[in-house]
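# Structural characterization, general
Chain by chain, the residues:
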Amino acid sequence: MSDVAHPVTRPTPVTTEPRLARHILIGTVVALVAVLLFAPLFAVFAEALRQGWAASIEGISSPDARAAIRLTLIVAAIAVPLNAVFGIAAAWAITKFDFRGKAFLITLIDLPFSVSPVVAGLALVLLFGANSWFGAWLIAHDLKIVFAFPGIVLATMFVTFPFVARELIPVMMEQGRAEEEAALTLGASGWRVFLTVTLPNIRWALLYGVLLCNARAMGEFGAVAVISGKIRGETTTMPIMIEMLYNEYLSVAAFSLAAVLALLALVTLFLKSLLEWCYADLLAATRRH
Amino acid sequence: MFVEIEEIAKEFGTERALHPVSLSIPSGALIALLGPSGSGKTTLLRILAGLEFPTSGRVLFDGTDATGMSVQERRAGFVFQHYALFRHMTVFENVAYGLRARKRHERPTRAEIGRRVNRLLDLIQLPDIGSRYPSQLSGGQRQRVALARALAIEPRMLLLDEPFGALDAKVRKELRQGLREIHDTTGLTTVFVTHDQEEAMELADLVVVMSMGRVEQVGKPADIRARPASDFVRTFTAA
């Protein structure tokens with residue numbers, strides 16, 4: 001007779017992989033993150049500071065570099081809010097209404113992702129350039145788009161158009177229309193429904209879309225390079241200025257400006273994490289529903 | 001309020017959800033729209049609420065044509081199948097929503113809104129949950145909050161879409177009784193949609209049996225049991 005308790009042979013949950021597999025998987029991810037993310041970022045900052053803080057601050061405080069930083073920030077400040085509005089409108093139309101050509105519209109929204117930015121820039125030059133369809137009219141009215149500020153904003157908006165809509169569409173699809181309908185039966189106007197029901201429900205997806213859109217708007221190179229004409233101090237955004245400095249072997253200045261650009265992106269990511277951390281309770285409460 | 005439905009039909013594209021349907025609902029009655037899924041009962045309810053508009057036919061409220069009236073103007077308290085509570089608002093804010101959405105000169109004061117919301121939370125026997133979020137409530141509690149929210153706008157009628165569908169049997173029985181009591185205290189004309197014949201027969205004054213977008217029979221529960229008008233009604237109510 002044996003009344004000895006059987007030892008527990010499998011203390012881990014059934015979904016947990018064997019120890020070796022876990023270590024290999026985690027190790028691979030850590031190595032990839034280190035090589036692909038941290039090493040390049042570290043290299044940029046190290047190169048920027050190679051000749052000390054003074055040299056790199058001098059590199060980014062030349063009038064041209066300062067103009068580039070200012071231009072990039074202004075372009076993002078115009079393009080991102082506009083694309084947020086267009087993105088909300090597109091996602092709203094696609095998820096809350098049924099109409100003919102919906103699938104086509106979704107494909108169209110993705111177009112900037114599939115078209116090379118250089119092609120987008122060239123297309124804008126063809127549309128608005130001196131010998132173009134609208135060119136004569138624009139010259140007659142003394143409006144400059146190509147090789148000028150409006151062109152840069154247009155190119156940036158084209159390239160970053162899908163980010164907000166792409167974030168919002170799946171969230172709004174999953175949430176359906178019932179809450180909006182409920183608000184309507186309670187007597188709320190369409191605008192009030194949007195402000196008090198739709199917008200609060202999509203705010204996190206919207207924030208994430210806006211951050212991605214912003215990062216890309218500040219970093220866009222190809223389309224802006226074509227349409228801006230790269231006029232130093234006038235139409236050079238940060239990425240274009242970085243390339244010019246690098247080609248002129250001014251590597252400290254180039255990497256210092258690159259570090260600023262990377263920092264701007266890091267700050268937006270940090271802000272997002274901070275917000276998520278502050279509202280963790282509320283987030284958990286609303287997501288479980 | 002009494003409601004008349006005159007030859008209402010509804011098509012979605014080429015699909016016919018409702019063949020011309022006529023029905024009159026006496027003031028203060030508790031009516032069940034009973035039928036299997038796809039019978040058009042929810043479509044009819046949504047047409048009454050103003051969430052869908054009929055392809056043809058008329059709806060009359062107290063004898064006046066309400067067919068083109070907007071959903072907001074109709075002031076129909078609607079309880080959705082999965083309640084559709086606003087997930088980012090507390091229970092108090094959910095119930096207060098309809099009062100706060102009123103135009104400035106019709107809107108009650110803050111204190112008055114507070115009083116009314118608390119009275120409604122008492123009515124649904126959940127006086128202490130005002131500060132909770134919908135995700136922190138059980139299914140039965142959510143259903144009752146949805147009912148309180150619909151009642152807060154002082155509706156002209158109460159419309160409920162499968163109000164007990166997502167609940168377990170025990171809670172369902174309790175809430176059935178609760179709805180009957182609320183109906184009797186408020187005296188509101190009430191229409192609810194269900195596919196459960198036992199629920200319809202037990203709760204309603206008048207049962208409307210529907211199938212394939214048509215009304216098969218209208219009558220008191222006992223009459224429908226005793227004299228089913230068609231084979232469909234006989235088999236469906238025997239289930």
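See the structure above.
All of the points below concern the structure found in this document.

Conventions used here
- Residues numbered from 1 in each chain as written.
- Chains lettered and ligands numbered in written order.
- Predicted model: local features only at pLDDT ≥ 70, side-chain atom pairs only at ≥ 80, totals over all residues.
- Heavy atoms only, no water.
- Contact = heavy atoms within 4.5 Å.
- Buried area = accessible area lost by both parts, 1.4 Å probe.
- Salt bridge = Lys/Arg side-chain N within 4 Å of Asp/Glu carboxyl O.
- Polar contact = N/O pair within 3.5 Å; in protein donor to acceptor, adjacent residues only side chain to side chain.
- Helix = DSSP H or I, 4+ residues; strand = E, 2+ residues; numbered from the N terminus.
- Buried < 20%, exposed > 50% of the residue type's maximum accessible area, 1.4 Å probe, protein only.
- Pairing = 2+ DSSP bridges.
- Phe/Tyr/Trp six-rings, centres within 6.5 Å; stacked < 30°, edge-to-face > 60°.
- Lys NZ or Arg CZ within 6 Å of the ring centre and 35° of its normal.

## With respect to the interface of chain A and chain B
Listed by partner, the interface residues are 25 residues for chain A and 24 residues for chain B. Where chain A abuts chain B, roughly 2,300 Å² becomes buried across the two surfaces, and 59% of that area is made up of carbon and sulfur atoms. Linking chain A with chain B are two salt bridges, by the criterion used here. A salt bridge links E181(A) to R46(B); the shortest N-O distance between them is 2.7 Å. Taken together, the connections running from chain A to chain B amount to seven residue pairs in polar contact (both at pLDDT 80 or more). Where the side of chain A that touches chain B is concerned, the elements lending two or more residues are α9 (178-185), α10 (190-219) and α14 (280-288) of chain A. Considering every element that reaches the side of chain A that touches chain B, the biggest residue donor is α10(A), with eight residues.

## A look at the pairing of strand β9 (residues 206-211) of chain B
All names here are of chain B. In terms of residue burial, β9 counts as a mostly covered element, since six of its six residues are buried. Taking every second residue as pointing to the same face, both faces of β9 are buried, with L206, V208 and M210 on one and V207, V209 and S211 on the other. As paired strands, strand β3 (residues 30-34) and β9 are joined by four bridges and run parallel to one another. Bridging from a neighbouring strand, L34 pairs with V209 of β9. Relative to strand β10 (residues 214-219), β9 is paired through five bridges, and the arrangement is antiparallel.

## Quick notes on the packing of aromatic side chains
Scanning the model with the defined rule gives nine aromatic pairs over all chains in all. Look at F113(A) and F163(A): their rings are 5.2 Å apart centre to centre, the planes differ by 85°, and that puts the pair in the edge-to-face class. Placement of the pair is F113(A) in helix α4 (residues 102-114) and F163(A) in helix α8 (residues 162-175), with a sequence separation of 50 residues. Ring geometry for F232(B) versus F236(B): centroids 5.5 Å apart, planes at 10°, classification stacked. With a gap of four residues between them, F232(B) and F236(B) both fall in helix α9 (residues 231-238), about one helical turn apart. Using a relative accessible area of 16% as the deciding quantity, one classes F236(B) as buried. One Lys or Arg, R192(A), reaches over the ring of Y97(B) and ends 5.9 Å from the middle of that ring. Of note, R149(B) hangs over the ring of F86(B), and the distance from its end group to the ring centre comes to 4.5 Å.

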